[in-house]
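Chain by chain, the residues run as shown.
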Amino acid sequence: MKVIGVVGYPASGKGELSKIAAQNNIPVVVMGDMIRRRVTARGLELSDENIGSAARKLREELGMDAVAILTAEEIKTIAPQIVVIDGIRGDAEIKYFKSVFSDFTLICIRAKFETRLNRMKSRGRTDDTATPETLASRDKREESFGLARAVALADRAIENESTKEEFEAKIKSFFEELK
């Protein structure tokens, strides 16, 4: 099984890569869904604060690779030939994925802070932030999970500073290379 891990800061374009993968019949497992399920199961609103708190608590209780363990279990149940893991947040997760998947490649999606902030303001997700301060705080929280170290471990980086169409072309080209 070929496993493609996707890492990047919030609103960098990880979800867009995942949409394109899904359009090409490549299964996508979103790590954040593991957290969102826990939040909803507790009857809480899917806010940035609740999701962040649940992510911290899960990692405190089970280790920094806790979300990776849950994600890998889900991937094993579907057993695809190729799969995309969306939303890696830390180097401990990468280490775990490399230990359980022999063919693991990490792709980093890069976008500037201002670009990401503008995307968050316009996309309308309940867990999005709308000010530079709240995005900086979210970045810092995710860096506490090892995000900056994870980004540095990427096998390949794809810039997402141009139009959506140009980014989609880069992603489609990447998937063509995999075939």
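Here is what the cut-offs are and how they apply
- All chains use their own residue numbering, which begins from 1 and follows the written sequence.
- Where totals are concerned, whole chains, interfaces and linings use all residues; where local detail is concerned, this predicted model gives features only for residues with pLDDT of at least 70, and gives and counts side-chain atom pairs only at 80 or more.
- Only hydrogens and water are removed before side-chain values are computed, so all heavy atoms of the structure are retained for them.
- Secondary structure elements follow DSSP: runs of H or I no shorter than four residues count as helices, runs of E no shorter than two count as strands, and numbering proceeds from the N terminus.
- Angles run from 0 to 180 degrees between N-to-C directions of axes, and those axes are lines fitted to C-alpha atoms, restricted for helices to the stretch in contact.
- The labels follow the angle: roughly parallel below 35 degrees, roughly antiparallel above 145, roughly perpendicular from 65 to 115, and oblique for the rest.
- Residue contacts are counted whenever heavy atoms from the two residues lie within 4.5 Å of one another.
- Residue polarity is assigned by list, with Asp, Glu, Lys and Arg as charged and Ala, Val, Leu, Ile, Met, Phe, Trp, Tyr, Cys and Pro as nonpolar; anything else, Gly included, falls into the polar class.
- Here, a salt bridge means any Lys or Arg side-chain nitrogen found within 4 Å of an Asp or Glu carboxyl oxygen.
- Burial classes: relative accessible area under 20% of the type maximum marks a residue as buried, over 50% as exposed, and values in between as partly exposed (1.4 Å probe, protein chains only).
- Here, nonpolar core means buried Ala, Val, Leu, Ile, Met, Phe, Trp, Tyr and Cys residues that are tied together by side-chain atoms lying within 4.5 Å of each other.
- Strands are treated as partners if at least two bridges between them are detected by DSSP.
- Each Phe, Tyr or Trp ring (for Trp, its six-membered ring) is paired with any other whose centre lies within 6.5 Å, and the angle between the two planes then decides the class: stacked below 30 degrees, edge-to-face above 60, tilted in between.
- This arc is taken over the directions from the axis of the helix to the C-beta atoms.

(A) Representation of the environment of Lys 76 within the structure. Within the secondary structure layout, Lys 76 lies in helix H4 (residues 66-78). Between the C-alpha atoms of Lys 76 and Met 1, which are 75 residues apart in sequence, the distance is 9.8 Å.

(B) Structural detail: the packing of helix H3 (residues 48-62) against H4. Running from N to C, H3 and H4 point in directions that differ by 90°, and their axes come no closer than 8 Å. In terms of their interaxial angle, H3 and H4 are classed as roughly perpendicular. Contact residues: H3 offers Leu 58, Arg 59 and Leu 62, while H4 offers Ala 66, Val 67 and Leu 70. A class-by-class count of the residues in the contact of H3 with H4 yields five nonpolar, no polar and one charged.

(C) Summary view of the pattern of salt bridges. A full pass over the atoms with the stated rule returns 15 salt bridges. The residue Asp 48 makes a salt bridge to Arg 141 at a minimum N-O spacing of 3.1 Å. Taken together, the positions of Asp 48 in helix H3 and Arg 141 in helix H7 (residues 132-144) put the pair 93 residues apart, joining distant regions of the chain. Accessibility classification places Asp 48 together with Arg 141 in one group, the buried group. Residue Glu 142 pairs with Arg 89 through a salt bridge whose shortest N-O separation is 2.7 Å. Here Glu 142, found in helix H7, pairs with Arg 89, found in the loop between strand E3 (82-88) and helix H5 (91-100); they are 53 residues apart in sequence, far enough to count as distant. Given the relative accessible area of 3%, Glu 142 is considered buried. Assessed through its relative accessible area of 16%, Arg 89 is described here as buried. A network of salt bridges, in which partner residues are shared, links Asp 48, Arg 89, Arg 138, Arg 141 and Glu 142.

(D) Inspection of the nonpolar core at higher detail. In this structure, Val 7, Ile 35, Ile 85, Ile 88, Phe 97 and Phe 104 are the most contacted members of the largest nonpolar core, which totals 31 residues. Here this core takes five residues from H4, the largest share from any one element. For Val 7, the contacting residues outside a window of four places in its chain are Lys 14, Ile 88, Leu 106, Ile 107, Cys 108, Ile 109, Leu 147, Ala 150 and Val 151. In this structure, Ile 20, Ile 109, Ile 158 and Phe 167 belong to the second largest nonpolar core, which totals 14 residues.

(E) Examining the sheet that holds strand E5 (residues 156-159) more closely. Overall, parallel pairing links the five strands, which are arranged E2-E3-E1-E4-E5 in an open sheet. Unpaired on one side and paired on the other, strand E2 (28-30) and E5 mark the two borders of the sheet. Put simply, the sheet's adjacent strands are angled 25° from each other on average, direction ignored. Looking at chain direction, strand E4 (residues 103-110) and E5 are connected through four bridges and run parallel.

(F) Region of interest: the packing of aromatic side chains. Evaluation of the coordinates by the stated rule reveals four aromatic pairs. Centre to centre, the rings of Phe 174 and Phe 175 are 5.4 Å apart; their planes meet at 55°, and the pair counts as tilted. Across this residue pair, the class does not change: Phe 174 and Phe 175 are buried. Among the aromatic residues, those joined into a cluster by ring pairs are Tyr 96, Phe 97, Phe 101 and Phe 104.

(G) H5, seen in detail. Restricting attention to buried positions, one finds in H5 the residues Glu 93, Ile 94, Tyr 96 and Phe 97. All buried residues of H5 project into a common sector of 160° when viewed along the axis, lining one side. Pointing more than 90 degrees away from the buried face of H5 are the exposed residues Lys 95 and Ser 99. Looking at the buried positions of H5, the neighbouring elements they touch are helix H2 (31-41), H3, H4, E3, E4 and helix H8 (147-152).

Distances and angles like these do not, on their own, reveal function.
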